[in-house]
Amino acid sequence: MPEPLTPRSLERRLKRHLLKESQEFFAICAPGFEEITKADIEHLAETKVIKTETGGVTFQGNLDAMYHTNLQLRTAHRVLLRVDEWLAQSYPMLFNKVKKIPWELYLGFSKSYTIQVSAKESRLHQHKTIAKTLHDGITEYLQPLGLSPKLRNDTPLEIHARFFQDRCTLSVNTSGEHLHKRGYRQLVSEAPIRETLAASILQGLEPQRYDTLVDPMCGSGTF
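Residues numbered from 1 in each chain as written. Predicted model: local features only at pLDDT ≥ 70, side-chain atom pairs only at ≥ 80, totals over all residues. Heavy atoms only, no water.

**Student:** Give a detailed account of the sheet that holds strand 8 (residues 167–173), specifying residues and quantitative values.
**Tutor:** Reading across from one edge, 2-3-1-4-8-7-5-6 is the order of the eight strands in this open sheet, with mixed pairing throughout. The sheet is open, and its two edges are formed by strand 2 (47–53) and strand 6 (150–151), each paired on a single side. When strand 2 meets strand 3 (residues 56–61), the two strands line up antiparallel, connected through six bridges. Note on strand 3: the bridge partner recorded for Lys48 is Gln60. Helix 2 (residues 34–42) rests against strand 1 (23–28), strand 2 and strand 3 of the sheet, and its axis sits at about 175° to strand 2. (Pairing = 2+ DSSP bridges. Helix = DSSP H or I, 4+ residues; strand = E, 2+ residues; numbered from the N terminus. Contact = heavy atoms within 4.5 Å. Axes fitted to C-alpha atoms, helices over the stretch in contact; angles between N-to-C directions.)

Structure, rendered in structure tokens:
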């Protein structure tokens, strides 16, 4: 039987599995702006773009790159840390895989977490049943370590489960709220467009080619 997890043993596991190894991330962006977000990522140090797909860009980097992308990317909505991906055509297949993932690396000593589910073109499509199966597998793994986080809807720690064509992709949301709410502005108000989308539009237009820019939002937007 595994011994209960201690802060020291968790630190050792994090150093061995997360801090020393390159991780895979997914930067979510507005559909149609993937190449712009790709260029945005390529300007940052210690990142390597793997591929682009509808709605985002997959890239590799260390945990420092995770912090840098959340702080400096202008066009991404969120940055997800990839946990695992596999074929999941039944709930037993889903449960048996989830219970083998080292969840202490992603949840640590957190008391609660939430699961966001999306499913398309997959045999497993009931969001509540998927979330319960994932939670059961996570609990099965963590209980021998003395950990029992609760599944709640009002906690900032998010696990994203995406099902597409019977493949399950699990990720951890490293950004928290949408990145246009990064909090570096204290006085904010309603705007017709998010800063991340405004940045994507501007980068796509290459404004440096022009001497004069006209703000189509007449000052009420984020351009």
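**Student:** Tell me what's going on with the pattern of salt bridges, and back it up with residues and numbers.
**Tutor:** Counting across every chain of the model gives eleven salt bridges. In this structure, the salt-bridge partner of Lys15 is Glu11, at a minimum N-O distance of 3.3 Å. Taken together, the residues Lys15 and Glu11, both in helix 1 (residues 7–19) and four residues apart, mark about one turn of the helix. Lys15 sits in the partly exposed class, given a relative accessible area of 40%. Here Asp154 and Arg152 are joined by a salt bridge, their closest N and O atoms 2.9 Å apart. Under the relative-accessibility criterion, Asp154 is labelled exposed at 55%. On the accessibility criterion, Arg152 (40% relative accessible area) is partly exposed. (Salt bridge = Lys/Arg side-chain N within 4 Å of Asp/Glu carboxyl O. Buried < 20%, exposed > 50% of the residue type's maximum accessible area, 1.4 Å probe, protein only.)

**Student:** Describe the confidence of the model for the protein, naming the residues involved and giving the relevant values.
**Tutor:** Overall, the predicted model of the protein reaches an average pLDDT of 91, with 92% of residues at or above 70. Taking the mean pLDDT of every element in the protein, the minimum, 86, falls on helix 7 (residues 195–205) and the maximum, 98, on strand 8. (pLDDT = per-residue confidence, 0-100.)

**Student:** Please give an account of the nonpolar core that cites residues and values.
**Tutor:** Counting residues in each nonpolar core, the largest one holds 46 residues, and the members touching the most others are Leu94, Trp103, Tyr106 and Leu170. Apart from the residues lying within four places of it in its own chain, the contact partners of Tyr106 are Leu18, Leu81, Val83, Ile101, Leu157 and Val172. (Core = buried A, V, L, I, M, F, W, Y, C linked by side-chain atoms within 4.5 Å.)

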